[in-house]
Amino acid sequence: MRALREKVNESLSSVLPITAIVLVLSITAAPLLPGALILFLFGAVLLVAGMGLFTLGVDISMLPMGEGVGVELAKHKRLLLPLLVCFVVGVVVTIAEPDLQVLAHQLPSIPNMTLILAVAVGVGVAMMAALLRIRFQFPLSRLLLVCYAVVFVLACFTPGNFLPLAFDSGGVTTGPITVPFIMALGIGMASMRNDKNSGSDSFGFVSLSSVGPIIAVMLLGVFFKPADSAYTMADIGDIQTTQDAAREFLAALPAYAEEVLVAVLPIVGVFVVFQLLTRRFKAHQLGRMAIGLVYAYVGLVLFLTGVNVGFMPAGQMIGSALAGGFAPWLLVLVGMVVGFFIVRAEPAVQVLTKQVEDVSNGFVTKRSVMAALSIGVACSVGLAMLRILLGFHIMVLLIPGYIVALGLTFITPSLYTNIAFDSGGVASGPMTTTFLLPLAMGACSAVGGNIMTDAFGIVAMVAMMPLITIQMLGYLGARKERAQQAKAEPALSGILYYDDSYEEEAAS
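Treat the numbers as computed from the prediction; the structure is a model and nothing was measured.

Basis of the calculations
Residues numbered from 1 in each chain as written. Predicted model: local features only at pLDDT ≥ 70, side-chain atom pairs only at ≥ 80, totals over all residues. Heavy atoms only, no water. Helix = DSSP H or I, 4+ residues; strand = E, 2+ residues; numbered from the N terminus. Rg over C-alpha atoms; globule rule 2.2 N^0.38 Å. Buried < 20%, exposed > 50% of the residue type's maximum accessible area, 1.4 Å probe, protein only. Contact = heavy atoms within 4.5 Å. Lys, Arg positive; Asp, Glu negative; His and termini not counted. Charge placed at Lys NZ, Arg CZ, Asp CG, Glu CD. Axes fitted to C-alpha atoms, helices over the stretch in contact; angles between N-to-C directions. Parallel < 35°, antiparallel > 145°, perpendicular 65-115°, else oblique. Left-handed = near helix turned anticlockwise from the far one by under 90°. Expected span 1.5 Å × (residues − 1). Bend = angle between axes of the 7 residues up to and from the residue. Salt bridge = Lys/Arg side-chain N within 4 Å of Asp/Glu carboxyl O. Polar contact = N/O pair within 3.5 Å; in protein donor to acceptor, adjacent residues only side chain to side chain. Phe/Tyr/Trp six-rings, centres within 6.5 Å; stacked < 30°, edge-to-face > 60°. Nonpolar A, V, L, I, M, F, W, Y, C, P; charged D, E, K, R; others polar. pLDDT = per-residue confidence, 0-100.

1. Observations regarding the overall build of the protein
Then, in step 1: Helices and strands together make up the secondary structure of the protein, namely 20 helices and zero strands.
Then, in step 2: For 508 residues, the compact-globule estimate of 2.2 N^0.38 gives 23 Å, and the protein sits close to it at 24 Å.
Then, in step 3: Each of the three principal axes of the protein carries a C-alpha extent, and together these read 95 × 55 × 55 Å.
Then, in step 4: Taken across its 508 residues, the protein has 56% of its residues classed as buried.
Then, in step 5: Long-range pairs, those at least 24 residues apart, make up 87% of the contacts in the protein with a sequence separation of at least 6.
Then, in step 6: Across the protein, the mean location of the 26 positive side-chain charges is 6 Å away from that of the 29 negative side-chain charges.

2. Things to note about the packing of helix H14 (residues 347-359) against helix H15 (residues 366-390)
Then, in step 1: It is the contact of H14 with H15, at a shortest axis distance of 8 Å, that shows an interaxial angle of 135°. As summarised for this structure, H14 and H15 are arranged oblique, according to the angle between their axes. Where H14 crosses over H15, the two elements pack in a sense that is right-handed. Every residue of H15 that contacts H14 at Val349, Gln350, Thr353, Val356 and Glu357 is listed here: Lys366, Val369, Met370 and Leu373.

3. Comments concerning helix H18 (residues 430-447)
Then, in step 1: In this model, H18 (18 residues) spans 25 Å end to end at C-alpha, consistent with the 26 Å of a helix rising 1.5 Å per residue.
Then, in step 2: Of all the bends in H18, the largest measures some 25° and sits at Leu436, one to four residues before the proline Pro438.
Then, in step 3: Burial within H18 is extensive, with 15 of its 18 residues counted as buried.
Then, in step 4: One or two steps after H18, the chain reaches Gly448, where phi turns positive at roughly 75°.

4. Structural notes on the pattern of salt bridges
Then, in step 1: On inspection of all chains with the given rule, the structure shows seven salt bridges.
Then, in step 2: Between Arg2 and Glu6 there is a salt bridge, with the nearest N and O atoms lying 3.7 Å from each other. In this pair, Arg2 and Glu6 both sit in helix H1 (residues 2-26), four residues apart, roughly one turn of the helix.
Then, in step 3: Measuring nitrogen to oxygen at the nearest pair gives 2.5 Å for the salt bridge that ties Asp244 to Arg247. You can see Asp244 and its partner Arg247 sitting in helix H11 (residues 242-278), three residues apart, about one turn around the helix.
Then, in step 4: Here the salt bridges share partners, and the residues they tie into one network are Glu72, Lys75 and Arg280.

5. Observations regarding the side chain of Thr94
Then, in step 1: Along the chain, Thr94 turns up in helix H3 (residues 80-95).
Then, in step 2: A polar side-chain atom of Thr94 sits 2.6 Å from the main-chain carbonyl oxygen of Gly90.
Then, in step 3: Apart from residues no more than four positions distant in its own chain, Thr94 is found in contact with Leu100, Val119, Ala120, Val123 and Thr173.

6. Notes on the packing of aromatic side chains
Then, in step 1: What the rule picks out here adds up to eleven aromatic pairs.
Then, in step 2: Seen from their ring centres, Phe40 and Phe311 are 4.5 Å apart, and the 35° between their planes marks the pair as tilted. Taken as a pair, Phe40 in helix H2 (residues 34-75) and Phe311 in helix H12 (residues 283-323) lie far apart in primary sequence, 271 residues in all.
Then, in step 3: The exposure class assigned to Phe40 is buried, which follows from its relative accessible area of 0%.
Then, in step 4: Look at Phe311 and you get buried, because its relative accessible area is 0%.
Then, in step 5: Plain terms: the ring middles of Phe271 and Phe274 are 6.0 Å apart, the flat faces sit at 35° to each other, and that makes the pair tilted. Of this pair, Phe271 and Phe274 both sit in helix H11, three residues apart, roughly one helical turn.
Then, in step 6: Relative accessible area serves as the criterion here: at 7%, Phe271 is assigned to the buried category.
Then, in step 7: Grouped by ring-pair contacts, the aromatic residues Tyr148, Phe152, Phe167, Tyr402 and Phe421 constitute a single cluster.

7. Points about the packing of helix H5 (residues 112-136) against helix H10 (residues 205-224)
Then, in step 1: It is at 7 Å that the axes of H5 and H10 come closest, and there the two elements cross at 140°. The orientation of H5 relative to H10 falls into the category oblique. Regarding H5 and H10, the two cross each other, and that crossing is right-handed. Contacts from Thr114, Leu115, Ala118, Val119, Gly122, Val123, Ala126, Met127, Ala129, Ala130, Leu131 and Ile134 in H5 reach Phe205, Leu208, Ser209, Gly212, Pro213, Ala216, Val217, Leu220 and Phe224 in H10.
Then, in step 2: Here the residues of the contact of H5 with H10 are counted per class, giving 17 nonpolar, four polar and no charged.

8. Here we look at the environment of Val85
Then, in step 1: If you trace the backbone, Val85 turns up in helix H3.
Then, in step 2: Assessed through its relative accessible area of 22%, Val85 is described here as partly exposed.

9. A short note on the environment of Leu383
Then, in step 1: Mapped onto the elements of the fold, Leu383 is located in helix H15.
Then, in step 2: Classification of Leu383 by relative accessible area gives partly exposed; the value is 30%.
Then, in step 3: Sequence separation of Leu383 and Ala20 is 363 residues, and the distance between their C-alpha atoms is 23 Å.
Then, in step 4: Beyond its immediate sequence surroundings of up to four residues, Leu383 is in contact with Leu397 and Met461.

10. Examining the confidence of the model for the protein
Then, in step 1: Looking at the protein as a whole, its pLDDT mean stands at 84, while 91% of the residues score no less than 70.
Then, in step 2: Within the protein, the lowest mean pLDDT, 65, falls on helix H4 (residues 98-105), and the highest, 94, falls on helix H13 (residues 330-342).
Then, in step 3: Note on residues 496-508: pLDDT is under 50 here. Beyond four places in sequence and across chains, it has zero contacts.

Rendered as structure tokens:
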């Protein structure tokens, strides 16, 4: 119970700021309908409870499972079996990812299963590449340079209305269920190397799994030549009483319970087969993991119900009110403030920051990574809102942004580079797709923009900016450390000089 209280307190501190911001906006610049505000407050309560249960369950179940599978795969000298397992895991967990189902419905010109299978294969291939990188100690930064070069070459041939969704796909496929498992898988594989770079090389599965879907969706755009796609904003129901709001959540609960079950079962199935073959875990460990899975399952169901039912209508209404109000430029400022705090409420971000602190033995603190993520997401949301108001193409931001991010890989310590590119996929989670994306859609609708080209792309921006801010954190930290060493060397040499002279005098 103590661990659960700590997790709930952490989630409460993450959700309270965004709740306060929405309440202030609702009585000032962006009035909300009473029904939308009631749904939002109900959703905030579910968020706190859900994230607390989910993060506790992940610590107990997902992380040991993924790490155990990774350790066993790393023991195999031959690569065929580990590569096959990585590919299967990547495909299976991606097909089950709820956010990918949502993305598929936004592309009426391509059959849903065609898109899902293509993205799943992209993730599977990316996980195989991540395994080979760890085994042969190939720098992640160099592999990412190659991958993003392919991305931007393909962008020249991809239809313009398809590009924002292609980049958004990289964020939605790394969801809260898949991220903890594949992160732990990488940590388990790298832990068997016992060299100085094994800690930093444990990161990279998430970042490569984010690039694979971008390439896959772009290839679909090139070969399918999709026609103009349309998106219809969700209808906000008429909520008159708190009972009406409660009924909305209860009505949605079974659907999200089924979605999460479909997402969890493939991972459980892979683990069951693994356990039957290896007998790695004892009975008491398996019992603990089963309890953890229940916590994670219930927590994620509550979380997704809260954000989808409670946060989405509020996001749409706030975006529409700000963009269509007396001061549209206020949308940029509000977007930055919301982005700064909302990333802290992402379930997978909590998992990533804890893993970073553990793997680096406290050298890279949870607090510093969270601060860099918050700054990055704040900047990305501000730029996305500015793009909606001015109507310029998303590539105007993505091309220079990725050039800076990839350029920083040459001057930043590899640990920070690897963390940064993993954080991009983690930061663009369900809070982004269910609050920030509706916020952008509402604003885009108010100014008469094209939702498919102007509102979509915010997930891509959220995934890009942390690459820059976290690497800058590492670069500035490395400079500070070198400066301190430079100051310490003269003092140290003086002490040694004094000690030597003292010994010479004593001898004479």
